[in-house]
Amino acid sequence: MDQPKIDLLAEWMKESRRTVILTGAGMSTESGIPDFRSKEGWWKKIDPMTVSTVDALEHQYDLFHGFYSLRLSDLKKCEPHKGHDALADLEKEGHVSAVVTQNVDGFHQQSGSGTVHELHGSLRKIFCHECGARADEAAFMERESCSDCEGHLRPKIILFGEMLPQDVWGRAIQDIEESDLLIVIGSSLQVAPANELPFLSDGKKVIINQEETYLHNQFDLQIEGKAGEVLQLIRDKVLEGTV
Ligand code: NAD
């Protein structure tokens, strides 16, 4: 681990008035949830345009349901890791203002982060695609139809071809614009428009990722490493002055 970079980021976090975190799928791989684009990612096995789409939901429900019921059952076997806990600890001590996440696993909230903007929705909330009625996760897992209208049940995630949730995005953008330190963690920065968000901040920009992304040189500091390990070191340095 590059200790001088950890020390520098810890200094920046102590000096910052508003630090905002932007997380991607790489934040949760250490919990056992595959990301989409690295070597072990989902999309090396399944083409997203065949399954994470409104078209699949409406016309190939077996495929859609198979993919998302598997992701939901995998999620239930996993837990947030110490990196999620570190972010929650840093927020409680006033060193993080908000977490903006592309993830749909709910791990930040489960770890105790209070201000979390879920840009792409949540796998854990189920509703009817036709009439919008809320439904139980168990009903979705059992492949039941909506009890009100017989419509297809689905998780409350944003599929390709759907509008992004304007209220959540509005709050996320406001927090990012007001930040003086923006830290991206575990994102390939390939998904638009989420990959444009870091550059709405006029403050310092940092990326923590296990590999270089194509936008790496647009950040003031790049830390290559695993999110969980790096965040524990940062938390210890900021809160306890150790490391
Ligand atoms: P991505 O898969 O495109 O990129 C993940 C990045 O994280 C890669 O660059 C990878 O090298 C890096 N990475 C993997 N493990 C890491 C670790 N332990 N520490 C540091 N970096 C690590 O992910 P993305 O940019 O978030 O875009 C993917 C889309 O897929 C998002 O829209 C997201 O909603 C969705 N997704 C979510 C989950 C989840 O909720 N956990 C999982 C898979 C995909």
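Criteria and cut-off values
Residues numbered from 1 in each chain as written. Predicted model: local features only at pLDDT ≥ 70, side-chain atom pairs only at ≥ 80, totals over all residues. Heavy atoms only, no water. 1 Å grid on protein atoms, 1.4 Å probe; cavity = no way out; pocket = protein on both sides within 12 Å on 5 of 7 lines; lining within 4 Å. Points joined across faces, edges and corners; volume = space filled by probe spheres on them. Helix = DSSP H or I, 4+ residues; strand = E, 2+ residues; numbered from the N terminus. Phe/Tyr/Trp six-rings, centres within 6.5 Å; stacked < 30°, edge-to-face > 60°. Buried < 20%, exposed > 50% of the residue type's maximum accessible area, 1.4 Å probe, protein only. Near = heavy atom within 4 Å. Polar contact = N/O pair within 3.5 Å; in protein donor to acceptor, adjacent residues only side chain to side chain. Nonpolar A, V, L, I, M, F, W, Y, C, P; charged D, E, K, R; others polar. Domains from an automatic or database assignment. Pairing = 2+ DSSP bridges. Axes fitted to C-alpha atoms, helices over the stretch in contact; angles between N-to-C directions. Salt bridge = Lys/Arg side-chain N within 4 Å of Asp/Glu carboxyl O. Contact = heavy atoms within 4.5 Å. Buried area = accessible area lost by both parts, 1.4 Å probe.

1. Topic: the layout of surface pockets
Roughly 230 Å³ of internal volume is contained in the second largest pocket. Gly 121, Ser 122, Lys 156, Ile 158 and Pro 165 are, among the 13 residues lining the second largest pocket, the residues nearest its centre. Where the lining of the second largest pocket is concerned, the elements lending two or more residues are β4 (121-128), β6 (153-157) and α8 (166-177). Among the elements that line the lining of the second largest pocket, the one with the most residues is β4, at four residues.

2. Here's the deal with the packing of aromatic side chains
Inspection of every chain in the model, using the stated rule, returns four aromatic pairs. Each ring, one from Phe 67 and one from Tyr 68, has its centre 4.8 Å from the other, and the planes form 80°; the classification is edge-to-face. Pair check on accessibility: Phe 67 and Tyr 68 agree, each one buried.

3. Quick look at the site of the ligand
In the region of the ligand, 29 residues are neighbours, and Ala 25, Gln 102, His 120, Ser 187 and Ser 188 sit closest. At a separation of 2.7 Å, a nitrogen atom of the ligand approaches a polar side-chain atom of Asp 105. One nitrogen or oxygen atom from the side chain of Glu 211 is found 3.0 Å from an oxygen atom belonging to the ligand. Residue classes in the shell around the ligand are distributed as eight nonpolar, 14 polar and seven charged. Built from parts of two domains, the shell around the ligand gets at least three residues from each of domain 1 (1-33 + 80-120 + 164-243) and domain 2 (34-77 + 121-157).

4. Considerations on the sheet that holds strand β5 (residues 134-135)
Strand order across the open sheet formed by three strands is β5-β4-β6, with antiparallel pairing between neighbours. Only two strands of the sheet have a single partner each, and these edge strands are β5 and β6. Bridge analysis of β4 against β6 gives five bridges, and the strand direction is antiparallel. Residue pairing across strands places Gly 121 opposite Ile 157, the latter belonging to β6.

5. Let's talk about the sheet that holds strand β3 (residues 116-118)
Sheet architecture is open: six strands sit in the order β3-β2-β1-β7-β8-β9, paired in parallel fashion. Of all strands in the sheet, those bounded by a partner on one side alone are β3 and β9 (221-224). In this sheet, neighbouring strand axes are inclined to one another by 15° on average, regardless of whether the strands run parallel or antiparallel. Strand direction decides the pairing type here: strand β1 (residues 19-23) and strand β2 (residues 98-101), joined by four bridges, are parallel. Paired with Val 20 across the strands is Ala 98, a residue of β2.

6. Overview of the environment of Ser 31
Its location among the elements puts Ser 31 in the loop between β1 and α2 (48-51). Distance in space between the C-alpha atoms of Ser 31 and Pro 80 is 5.9 Å, their sequence separation being 49 residues. Among the polar contacts made by the side chain of Ser 31, one reaches the main-chain amide nitrogen of His 81 at a distance of 3.5 Å.

7. Details of the pattern of salt bridges
Summed over all chains, the structure comprises 11 salt bridges. One salt bridge connects Glu 178 with Arg 18, and the closest N-O pair in it is separated by 3.9 Å. Residue Glu 178 is located in the loop between α8 and β7 (181-185), and its partner Arg 18 is located in the loop between α1 (3-15) and β1; the two are separated by 160 residues in the primary sequence. The salt bridge involving Glu 162 is made with Arg 154; its shortest N-O contact spans 2.6 Å. Salt bridges here are not isolated pairs; linked through shared partners, they connect Arg 18, Asp 175 and Glu 178.

8. Section: the pairing of β2
Residues of β2 alternate between two faces, with Ala 98 and Val 100 on one and Val 99 and Thr 101 on the opposite face, all of them buried. Relative to β3, β2 runs parallel, the two being bridged by three bridges. In the strand pairing of β3, Val 99 is matched with Val 116.

9. Looking at the domain arrangement of the protein chain
In terms of domain boundaries, the protein chain breaks down into domain 1 (1-33 + 80-120 + 164-243) and domain 2 (34-77 + 121-157). A straight line from the C-alpha centre of domain 1 to that of domain 2 covers 27 Å. Taken together, the contact between domain 1 and domain 2 spans 19 residues of the former and 14 residues of the latter. With both chains or domains summed, domain 1 and domain 2 bury close to 1,100 Å², and 52% of this area falls on carbon and sulfur atoms. If you look at where domain 1 meets domain 2, you find four residue pairs in polar contact (both at pLDDT 80 or more). Residue composition of the side of domain 1 that touches domain 2, grouped by class: six nonpolar, 10 polar and three charged.

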